[in-house]
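Results of the structural survey
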Amino acid sequence: MGNPSIVPHINFSFPHFKTLFKFTTFIKTTTLNMSDSLGMSNYPTVKDPELIGTYPALAKSGGGYVWDEVLEYRVWCHPHDGAPDIDDGNDYYCTFETYKEALKYSEESPGAEAPLALILQAEYIDEPEPGKYVHVKEQRLAEWPVEFLSRPKRNANTIPNFFSPNAPGNRLDILRGLS
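For the structure given in this document, a descriptive report is provided here. Note that the coordinates shown come from a computational prediction; the quantities given were computed from them, not determined experimentally. (Residues numbered from 1 in each chain as written. Predicted model: local features only at pLDDT ≥ 70, side-chain atom pairs only at ≥ 80, totals over all residues. Heavy atoms only, no water.)

1. Considering the environment of Gly63
To be explicit about the condition: Helical segments are the DSSP runs of H or I of at least four residues, strand segments are the runs of E of at least two, and each set is numbered from the N terminus. We call two residues in contact when some of their heavy atoms are within 4.5 Å.
The residue Gly63 is located in the loop between strand S3 (60-61) and strand S4 (69-77) in this model. Each C-alpha atom of the pair Gly63 and Asp126 lies 7.3 Å from the other, and the pair is 63 residues apart in sequence. In contact with Gly63, other than residues within four places in its own chain, are Gln121, Arg140 and Trp144.

Set out below in structure tokens:
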């Protein structure tokens, strides 16, 4: 458990967006004393702890319906809401190996959002318009609310079953693990 990485990101203040090219700058903070007694082991640990903090800052937001791997848990911090200002007022995020580490940090840190999961989707289901689904066979990274991880991890049959002519009336039940 450990040393969260702090990654400066994009300042979303208006009237314009200012992109900072500091995505590869990782500032290691002191080790946080994380307790295993939080009882939040329902969420998966990350695929490779050695890669935490090395993924691109920019990722898709939500969507795709299925997930293959959790790459890291992120807690976004906002100096304008009270987070420490480590990069001239710009937003940044801290990365974690487990949800419970991220949640503890989020709850104890002013200006921090609830944790998100950075997930890998090796392939996914797009919904370009309501009720129209498309199987996309390309890899993407997305930040998801951790609650979405309650859906079963994608397996070899998830997407084919979703598009099958024998799928239940509510195809989303397949993704929810109900069918």
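2. Considerations on the packing of aromatic side chains
The test is simple: Whether two aromatic rings pair depends on their centres lying within 6.5 Å, for rings of Phe, Tyr and Trp, where Trp uses its six-membered ring; planes under 30 degrees apart make the pair stacked, over 60 edge-to-face, and the rest tilted. Burial classification: accessible surface area is computed with a 1.4 Å probe over protein chains only, and a residue below 20% of its type maximum counts as buried, one above 50% as exposed, and the rest as partly exposed. Consider the ring centre and the ring normal. A charge sits over the ring if Lys NZ or Arg CZ is within 6 Å of that centre and within 35 degrees of that normal.
All told, the structure shown has eight aromatic pairs when counted by the stated rule. Geometrically, the ring pair formed by Tyr133 and Phe162 is edge-to-face, given 5.0 Å between the ring centres and 90 degrees between the ring planes. In this pair, Tyr133 is assigned in strand S8 (residues 132-136) and Phe162 in helix H2 (residues 158-163), connecting sequence segments 29 residues apart. Residue class for Tyr133 comes out partly exposed when judged on its relative accessible area of 23%. By relative accessible area, which is 0% here, Phe162 ends up buried. Three or more aromatic residues joined by ring pairs make a cluster, and in this case those are Tyr65, Tyr133, Phe162 and Phe163. The ring of Tyr124 is capped by Arg140, whose NZ or CZ atom sits 4.5 Å from the centre of that ring.

3. Let's talk about the pattern of salt bridges
Note the following rule: Within this document, salt bridges are pairs made up of a side-chain nitrogen of Lys or Arg and a carboxyl oxygen of Asp or Glu, the two lying within 4 Å of each other.
Taken as a whole, this structure holds seven salt bridges when the rule is applied. Between Arg74 and Glu72 there is a salt bridge, with the nearest N and O atoms lying 2.7 Å from each other. Residue classification places Arg74 among the buried residues on the basis of a relative accessible area of 0%. Residue Glu72 is classed as buried on the basis of its relative accessible area of 0%. With its nearest N and O atoms 2.8 Å apart, the salt bridge here joins Glu108 to Lys104. With Glu108 and Lys104 both in helix H1 (residues 99-108) and four residues apart, this pair spans about one turn of that helix. Here Lys104 falls in the partly exposed class, since its relative accessible area comes to 21%.

4. Observations regarding the pairing of strand S6 (residues 116-121)
On any regular strand, side chains alternate: one points to one face of the sheet, the next to the other face. For clarity, the threshold we go by: Think of it this way: DSSP has to see at least two bridges between two strands before they count as a pair.
The element S6 is extensively covered by neighbouring structure, given that six of its six residues are classed as buried. Taking every second residue as pointing to the same face, both faces of S6 are buried, with Leu116, Leu118 and Leu120 on one and Ala117, Ile119 and Gln121 on the other. In this structure, S4 lies alongside S6, joined through five bridges in antiparallel fashion. The partner of Arg74 across the bridge, within S6, is Leu116. Taken together, the six bridges between S6 and strand S9 (residues 140-145) define a ladder with antiparallel strand orientation. Looking across to S9, one finds that Leu118 is bridged to Glu143.

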